[in-house]
Amino acid sequence: MSGALAGQDGALRCPWALSTEDYVAYHDEEWGRPVHGDDALYERLSLEAFQSGLSWITILRRRENFRKAFADFRIEAVAAFTDADAQRLLADAGIIRNRAKIEATLANARALAAWSPGELDEFIWSFAPDPAAHKAPRTLADVPAITDESTALSKALKKRGLRFVGPTTAYALMQACGLVDDHLTECVARGRG
């Protein structure tokens, strides 16, 4: 598997980030940087669930549509969505119209609405591994799909009533939200968190 590769600007980046300008911007400005706040983490958790089985670029390019469709992922607002809202979402060609994923996103908001303010943030971040124990990947082959921490996070979220939060989705969330830094060792974005 490949190590960091030079982009058009000559900077070394994780190879997955080089296929489109959308990926370059997401990689350089967002992926792996700490995300805090219940609504922000709910958005990322929801988008990672929608990504399951699809490429991230599909979600990334529809992110603004998702935000509009899901009330900017404000937990309280989505928790109040009705059956009519669910039907509206199923008809919205701007998002991924997967019934199970839409229903999980709504159910997750309803479950999270019962949590205390800041509880989701604290809960998710409590599963962040010790950075000193998380070995920096040199190549894509060194980047795991799941870890003990993502498996534990997945189980804990499911125990609290959340859906579509398997260990792979949980690890993708951990990567995207900066709980781990999986930028390759030579990547320009490594350590920017």
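The rules behind these values
Residues numbered from 1 in each chain as written. Predicted model: local features only at pLDDT ≥ 70, side-chain atom pairs only at ≥ 80, totals over all residues. Heavy atoms only, no water. Helix = DSSP H or I, 4+ residues; strand = E, 2+ residues; numbered from the N terminus. Buried < 20%, exposed > 50% of the residue type's maximum accessible area, 1.4 Å probe, protein only. Contact = heavy atoms within 4.5 Å. Axes fitted to C-alpha atoms, helices over the stretch in contact; angles between N-to-C directions. Parallel < 35°, antiparallel > 145°, perpendicular 65-115°, else oblique. Left-handed = near helix turned anticlockwise from the far one by under 90°. Nonpolar A, V, L, I, M, F, W, Y, C, P; charged D, E, K, R; others polar. UniProt positions renumbered as here; feature names shortened; annotations may be inferred. Phe/Tyr/Trp six-rings, centres within 6.5 Å; stacked < 30°, edge-to-face > 60°. Salt bridge = Lys/Arg side-chain N within 4 Å of Asp/Glu carboxyl O. Disulfide = S-S within 2.5 Å. Core = buried A, V, L, I, M, F, W, Y, C linked by side-chain atoms within 4.5 Å.

For the rest of this paragraph, the subject is the overall build of the protein chain. A count of helical and extended segments in the protein chain gives 10 helices and 2 strands. Counting helices and strands in the order they occur from the N terminus, the protein chain gives β-β-α-α-α-α-α-α-α-α-α-α. Projected onto its principal axes, the C-alpha coordinates of the protein chain cover approximately 50 × 35 × 25 Å. Scored against the burial criterion, the 193 residues of the protein chain give a buried share of 48%. At a minimum sequence separation of 6, the contacts of the protein chain that also span at least 24 residues come to 68%.

Right, let's get into the packing of helix α2 (residues 38-51) against helix α10 (residues 167-176). Where α2 contacts α10, the two axes come as close as 9 Å, and the packing angle between them is 130°. The angle between α2 and α10 places the two elements in the oblique class. Crossing hand, α2 versus α10: right-handed. Only Thr 169, Ala 172, Leu 173 and Ala 176 of α10 make contact with α2, whose side of the interface consists of Leu 41, Arg 44, Leu 45, Glu 48 and Ala 49. Here the contact of α2 with α10 is composed, by residue class, of 6 nonpolar, 1 polar and 2 charged.

The feature "binding site: Zn(2+)" (unreviewed entry), as given by UniProt, occupies Cys 14, His 27, His 183 and Cys 187 in the numbering adopted here. The annotated residues occupy 174 residues of the chain but converge on a single region, no pair of C-alpha atoms lying more than 10.2 Å apart. Counting through the fold element by element, His 183 comes out in the segment after α10. When its relative accessible area of 2% is taken as the criterion, His 183 is described as buried.

Right, let's get into the packing of aromatic side chains. For the structure on display, the rule yields 12 aromatic pairs. Summarising the aromatic geometry, the rings of Trp 16 and Tyr 23 are spaced 5.7 Å apart at their centres and angled 90° between planes, so their arrangement reads as edge-to-face. A relative accessible area of 26% places Trp 16 in the partly exposed class. The exposure class of Tyr 23 is buried, given its relative accessible area of 11%. Taking the centre distance of 4.8 Å and the plane angle of 55° together, the rings of Phe 50 and Phe 66 count as tilted.

This part is about the pattern of salt bridges. Using the criterion set out here, one finds 11 salt bridges in the structure. Note that Asp 85 and Arg 88 form a salt bridge whose closest N and O atoms lie 3.5 Å from each other. Here Asp 85 pairs with Arg 88, and both are found in helix α6 (residues 83-90), just 3 residues apart, close to one helical turn. What makes Arg 88 partly exposed here is its relative accessible area of 34%.

The next point concerns the state of the cysteines. If you walk through the whole model with that rule in mind, you get 0 disulfides. Not part of a disulfide, Cys 14 finds its nearest cysteine sulfur in Cys 187, a span of 3.8 Å. The thiol of Cys 177 is unpaired, and the distance to the nearest cysteine sulfur, on Cys 14, comes to 16 Å.

Judged by nonpolar contacts, the single largest core of 50 residues is most densely connected at Phe 66, Phe 70 and Leu 153. With near-sequence residues (within four places) excluded, Leu 153 lies in contact with Phe 123, Ile 124, Phe 127, Ala 170, Leu 173 and Met 174.

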